[in-house]
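Remarks on the overall topology
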Amino acid sequence: MDSQMKKGLIEYSVLAALARGDSYGYRIIKDCPPVLELTLSTLYPILRRMETDGRVSTYQQTHNGRARKYYRLTTAGRASMRAFVSDWQDVETVYHQIEAAAAQLPELEGPNR
Amino acid sequence: MTRQDFLLRLRSGLAGNVPAEEAARLVDYYDEMILDLMEDGRSEADAVAQVGDPNDLVYAAAGTRPLPAPSPTSTLTRRRWRWTLLILGAPLWGSLLLAAACILLSADLILWCVPLTGAGVSFGFLLGGAISVIASPLAVSGAWALALVELGAGFILLGLGMIVVWLTVQITRICWRGHRALFQWGLAQLGRSKAVIA
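This one's a predicted model, so the numbers in the text were calculated from it and none came from an experiment. (Residues numbered from 1 in each chain as written. Chains lettered and ligands numbered in written order. Predicted model: local features only at pLDDT ≥ 70, side-chain atom pairs only at ≥ 80, totals over all residues.)

Points about the overall build of chain B
Looking only at helices and strands, one finds seven helices and zero strands in chain B. Walking chain B from its N terminus toward its C terminus, one meets helices and strands in the order α-α-α-α-α-α-α. Residues counted as buried form 15% of the 198 residues belonging to chain B. Summarising the internal contacts of chain B: among those between residues at least 6 apart in sequence, 70% fall at separations of at least 24. (Helix = DSSP H or I, 4+ residues; strand = E, 2+ residues; numbered from the N terminus. Buried ≥ 20, exposed ≤ 12 C-beta atoms within 10 Å, placed from the backbone. Contact = placed C-beta atoms within 7 Å.)

Topic: the overall build of chain A
What chain A contains, in helices and strands, is four helices and two strands. Of the regular secondary structure in chain A, the N- to C-terminal order runs α-α-α-β-β-α. The proportion of buried residues among the 113 residues of chain A is 16%. The long-range share in chain A, meaning contacts at least 24 apart out of those at least 6 apart in sequence, stands at 47%.

A short note on the pairing of strand β2 (residues 66-73) of chain A
Residues and elements named next belong to chain A. Strand direction decides the pairing type here: strand β1 (residues 56-63) and β2, joined by eight bridges, are antiparallel. If you follow glutamine 60 over to β2, its bridge partner there is lysine 69. What sits between the antiparallel neighbours β1 and β2 is a turn of two residues, in which asparagine 64 has the positive phi angle 50°. (Pairing = 2+ DSSP bridges.)

Quick notes on the packing of helix α2 (residues 20-39) of chain B against helix α3 (residues 44-51) of chain B
All names here are of chain B. Interaxial distance between α2 and α3 falls to 9 Å at its minimum, and their mutual angle equals 135°. Taken as axis vectors, α2 and α3 run oblique relative to one another. Handedness of the crossing formed by α2 with α3: right-handed. Together, Tyr30, Met33, Ile34, Leu37 and Met38 of α2 and Glu44, Ala47, Val48, Gln50 and Val51 of α3 make up the contact between the two elements. Grouping the amino acids of the contact of α2 with α3 by side-chain chemistry returns eight nonpolar, one polar and one charged. (Axes fitted to C-alpha atoms, helices over the stretch in contact; angles between N-to-C directions. Parallel < 35°, antiparallel > 145°, perpendicular 65-115°, else oblique. Left-handed = near helix turned anticlockwise from the far one by under 90°. Nonpolar A, V, L, I, M, F, W, Y, C, P; charged D, E, K, R; others polar.)

Things to note about the environment of methionine 38 of chain B
Residues and elements named next belong to chain B. Mapped onto the elements of the fold, methionine 38 is located in helix α2. Since 15 C-beta atoms lie within 10 Å of it, methionine 38 is described here as partly exposed. Sequence separation of methionine 38 and valine 48 is ten residues, and the distance between their C-alpha atoms is 9.2 Å. For methionine 38, the residues in contact, after removing those within four places along its chain, are Glu44 and Ala47.

Some words on the interface of chain A and chain B
Facing nine residues of chain A, the contacting portion of chain B comprises twelve residues. Of all elements in the fold, only α2 (25-31), α3 (40-52) and β2 of chain A reach the threshold of two or more residues within the side of chain A that touches chain B. Top contributing element to the side of chain A that touches chain B by residue count: α3 of chain A, with four residues. Residues belonging to the side of chain A that touches chain B are distributed by class as follows: four nonpolar, two polar and three charged.

Re α3 of chain B
Where α3 of chain B is concerned, the buried positions are Ala47, Val48 and Val51 of chain B. Viewed end-on, α3 of chain B has its buried residues packed into an arc of 95°, placing them on one side of the element. Residues of α3 of chain B that are buried make contact with α3 of chain A together with α1 (3-14) and α2 of chain B. (Arc of directions from axis to C-beta.)

Below, the structure written as structure tokens:
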């Protein structure tokens, strides 16, 4: 998958991972599709940004005698996910245009091209 | 690298490059990740290796942290200061830059020595072979055996020359790739963001 496309999808995939319930960094990476190639170092700025703009909130909980940071989806986070889903109609329109053009490509490719 | 070593290097690298609060958050984040990886069955060394090089994490953190918008006056003053320091420090950074450029150039010259030698050897073989083949009929008047030896030696030299030409072409391709990689790496160093790592 194109890196720019991945970049756009990762945020929403992280939000989707939190939609099932509060989660922590390592769990979020495991819950996101491997095709997004989300790493430990790429997750941090995403979570930080979403925490700053209020899409996720955080709290600490003790786990096996150590503090672990949990992330929770906020109302703004849910709204952001819904907006992404509704915007997908527009993405599909563009996709169909590209798909139709791609289907025409073998016919366009001739000896003079 | 142990978890403690990793955290120490990360903490030292972040100090002064990102605000203290952000540095503490980053250290806690990566510490939690290492512990989670270990809890998932990884060894300490594996977990630390998967998190990555602390220097790279420092570069990334220093390069992406949001900076407060500077006022126009402070920007001008900072620019003047930067130029002043740049000029005053020229004897130090200038000589280091010159030395680095010379090292890069030397490495490149060493790289090109191999195809250059190949070209010289193949030219010698081909020239020697051609002269030997052309001159062999002249020796016929003296002795048939001598002419035959000269003709044979000429063909051997021509054959060797062609083999060396082929080898030189292959080596030149590799050297060209090495040359490009060397200079791309050199240019990338100029554009790379810097952070002081303890």
